[in-house]
Amino acid sequence: MSMKISIHAGHGKEGTRARGASGYCNESTYARKIIESMKKRLDGCVSYNDCTYNGGKYTQSEILVSIVRKINNYDPDFAISVHLNASSDINANGVECLVHPNTNNENYSRAEKIVNDLALTFGLNNRGVKKRSDLYILRKTKCPAIIVEIGFCTNYHDSKIIMHKYEAIGYVLANSLIDGDNKRYTVKVHNIDSKTAKKLTDIAYNAGAVYQKEEL
């Protein structure tokens with residue numbers, strides 16, 4: 001577990017003055033749900049800290065300062081900031097990653113993997129990786145950072161995916177960050193014998209996966 005990762009949900013929590021965007025779903029709520037899912041996947045695989053601000057008194061600027069201070073004190077290999085996008089155009093949609101123009105090649109490739117994995121897995125429009133020099137998180141973290149805009153909360157299609165699949169989104173996002181040797185998979189099946197389930201698991205994930213039976 002030599003890798004160190006910092007993760008956080010952007011903005012303040014729902015109900016505060018610094019809450020994020022809202023539309024068919026709320027950014028503050030679902031970014032946090034995705035972070036909680038990520039933590040379940042990262043546990044036991046890498047060292048990480050969650051810098052999400054869940055207080056109620058800070059302004060958005062103060063939240064950004066607080067988050068960056070925690071990230072820099074932790075001194076991770078890289079930082080991931082989870083957001084939902086928003087637009088006055090309800091047809092705007094898709095997943096994208098934002099990086100600083102001076103980010104290194106490794107971090108840019110990591111951002112490409114994240115956006116490709118999320119787009120392919122959940123049928124989201126792939127908006128690619130974009131370079132931004134104006135965003136506080138990207139400018140002020142000492143480590144490479146990536147802002148992940150999962151989808152548009154102002155778009156019905158994206159919001160439906162986010163609301164119904166936030167746990168899987170968190171898992172896939174976390175999986176994109178972990179070295180191959182640390183990857184593990186869980187196959188959930190219903191009313192099937194363990195021998196058949198193990199065979200399906202081996203076919204699906206080239207063996208080594210975990211069999212977990214669920215009763216209906």
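Whatever comes next refers back to the structure up there.
Everything quoted here is computed from the prediction, not taken from an experiment.

Draft legend 1. View of the sheet that holds strand β3 (residues 78–85). Read across the sheet, six strands follow the order β2-β1-β3-β6-β4-β5 without closing on themselves; strand pairing throughout is mixed. Because the sheet does not close on itself, it has two edges, and the strands there are β2 (47–50) and β5 (126–131). Across this sheet, the average inter-strand angle for adjacent strands is 20 degrees, counted without regard to direction. Pairing analysis gives three bridges linking strand β4 (residues 95–99) to strand β6 (residues 145–152), with the strands arranged antiparallel. Within β6, the position partnered with L98 by the bridge is I147. Against the sheet, helix α1 (residues 27–42) engages β1 (4–9), β2, β3 and β6, with an angle of about 155 degrees to β1. Relative to the sheet, helix α3 (residues 105–122) contacts β3, β4, β5 and β6, its axis offset from that of β4 by approximately 170 degrees.

Draft legend 2. Structural view of the packing of α3 against helix α5 (residues 156–175). In the contact formed by α3 and α5, the axes pass within 11 Å of each other and the chain directions differ by 135 degrees. The angle between α3 and α5 places the two elements in the oblique class. As for the relative orientation of α3 and α5, their crossing is right-handed in sense. Contact residues: I114, D117, L118, T121 and F122 in α3; I161, K165, A168, I169, V172 and L173 in α5. Among the residues making up the contact of α3 with α5, the classes are represented as eight nonpolar, one polar and two charged.

Draft legend 3. Quick peek at the packing of α1 against α5. Running from N to C, α1 and α5 cross one another at 40 degrees; their axes reach a closest spacing of 7 Å. Classified by the angle their axes make, α1 and α5 are oblique. You can see that α1 and α5 cross each other, and the crossing is right-handed. The segment α1 lies against α5, with Y30, K33, I34, S37, M38, K40, R41 and L42 engaging I162, M163, Y166, E167, I169, G170, Y171, L173, A174 and N175. Class assignment for the residues of the contact of α1 with α5 results in 11 nonpolar, three polar and four charged.

Draft legend 4. Structural detail: the pairing of β6. Counting buried residues in β6 gives eight out of eight residues, a clear majority hidden from the surface. Sheet topology note: the β3/β6 ladder contains six bridges and is parallel. In the strand pairing of β6, H83 is matched with E149.

Procedures and definitions
- Residues numbered from 1 in each chain as written.
- Predicted model: local features only at pLDDT ≥ 70, side-chain atom pairs only at ≥ 80, totals over all residues.
- Heavy atoms only, no water.
- Pairing = 2+ DSSP bridges.
- Helix = DSSP H or I, 4+ residues; strand = E, 2+ residues; numbered from the N terminus.
- Axes fitted to C-alpha atoms, helices over the stretch in contact; angles between N-to-C directions.
- Contact = heavy atoms within 4.5 Å.
- Parallel < 35°, antiparallel > 145°, perpendicular 65-115°, else oblique.
- Left-handed = near helix turned anticlockwise from the far one by under 90°.
- Nonpolar A, V, L, I, M, F, W, Y, C, P; charged D, E, K, R; others polar.
- Buried < 20%, exposed > 50% of the residue type's maximum accessible area, 1.4 Å probe, protein only.

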